[in-house]
Amino acid sequence: MVYSRNQRLCGEPPQIQEHLAWFSEQEQDRKRKDSKGVYYSRLPSHECISTLFQVSMDRLENTGWYWGRISKTEATSALEQADVGTFLLRDSSDSRYYFSLSVRLQTNILNIRVLFSYGKFMFDCFETSLSEIPKFDCVVKLICYYAAVSQDKQDKRKVLARSEVGDAEIRLEKPLFNKVPTLQHLCRRAVNRTLTKDEQSQLPLPNTVEKFMRKYPYSI
């Protein structure tokens, strides 16, 4: 059974609870200035973080490659016969994290934990790399970024992630679907893959279609 959006927001891991408590304290001081006269206006609020997470969950549930609450063993079984670079996203079995990305490598299945810190999603990393690792306000955007880097033959950057066996280079080539996406969603992905946002804005689309497109601006 996959967690519902409300269930996940109510059952936040300790790491998230600590951050939200800190944000709550800071919100009380938002209208007060510090000694230099600077407002705390840039601090994300509890409501802001909850909204970001809700948007991510809505988008995840549309992907077809979010497998919900399955174990590492089940993820390994699902990916065992898949091509190298095939991946899926699932709920993390570690209560400190929300998600884990399971990826088929040449010789094994790699599991990478996804952090959610200060309203940003990122791959697990050592503290020394925390300031350098890419961070995103949506977990789908995080996966799409690494997939784009992996598939760009001109991009020489290596995709490194911390796993249970240490830092490892990964390639995200294609997702493993656990359900067939709707025809509307497949069309939306095709448009996102073919046209830029500016090009899409020039299309004479009805308001309902524009709203539908904005809900999932990714090609995977």
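Since we're looking at a predicted model, the values are computed, not measured.

Calculation notes
- Residues numbered from 1 in each chain as written.
- Predicted model: local features only at pLDDT ≥ 70, side-chain atom pairs only at ≥ 80, totals over all residues.
- Heavy atoms only, no water.
- Helix = DSSP H or I, 4+ residues; strand = E, 2+ residues; numbered from the N terminus.
- Buried < 20%, exposed > 50% of the residue type's maximum accessible area, 1.4 Å probe, protein only.
- Contact = heavy atoms within 4.5 Å.
- Pairing = 2+ DSSP bridges.
- Core = buried A, V, L, I, M, F, W, Y, C linked by side-chain atoms within 4.5 Å.
- Phe/Tyr/Trp six-rings, centres within 6.5 Å; stacked < 30°, edge-to-face > 60°.
- Lys NZ or Arg CZ within 6 Å of the ring centre and 35° of its normal.
- Lys, Arg positive; Asp, Glu negative; His and termini not counted.
- Salt bridge = Lys/Arg side-chain N within 4 Å of Asp/Glu carboxyl O.
- Polar contact = N/O pair within 3.5 Å; in protein donor to acceptor, adjacent residues only side chain to side chain.

This part is about the overall build of the protein. In terms of helices and strands, the protein carries eight helices and seven strands. Counting across all 220 residues of the protein, residues that qualify as buried make up 40%. Of all intrachain contacts in the protein linking residues separated by at least 6 positions in sequence, the fraction that spans at least 24 positions is 51%.

The next subject is the pairing of strand β4 (residues 120-123). With four bridges connecting them, strand β3 (residues 109-117) and β4 associate as antiparallel partners. Opposite V114, over in β4, you have F123 as the bridge partner. Turn length for the β3-β4 hairpin, with the two strands adjacent in sequence and antiparallel, is two residues, and the turn residue Y118 shows positive phi of about 55 degrees.

We now examine the nonpolar core. Among the nonpolar cores identified, the biggest contains 37 residues, and L89, F99 and F123 are the most heavily contacted of them. Of all the secondary structure elements, the ones that give two or more residues to this core are α3 (46-63), β1 (86-91), β2 (99-104), β3, β4 and α5 (139-151). Counting residues per element, this core draws most heavily on α5, which supplies seven residues. Within the second largest apolar cluster, six residues are counted, among which are W67, I70, A75 and L79.

A word on the packing of aromatic side chains. Considering all chains together, one arrives at 14 aromatic pairs under this definition. Between the aromatic rings of F116 and F121, the centroid separation amounts to 4.4 Å while the plane-to-plane angle is 35 degrees, which identifies the pairing as tilted. For the residue pair F116 and F121, the accessibility class agrees, reading buried in each case. Consider the rings of Y216 and Y218, whose centres lie 5.5 Å apart with planes at 85 degrees: the pair is edge-to-face. Judged by its relative accessible area of 0%, Y216 falls in the buried class. Lying across the ring of F212, R188 places its NZ or CZ 3.8 Å from the centre.

Attention now moves to the side chain of R189. As for its position among the elements, R189 is in helix α6 (residues 183-194). Within the buried set, R189 has no salt-bridge partner at all; the shortest N-O distance to an opposite charge, 13 Å, is to E173. Engagement of the side chain of R189 in a polar contact is seen with the backbone oxygen of S219, the distance being 3.5 Å. If sequence neighbours within four positions are ignored, R189 has contacts with F177, P181, Y216, Y218, S219 and I220.

By themselves, these figures tell us nothing about what the structure is for.
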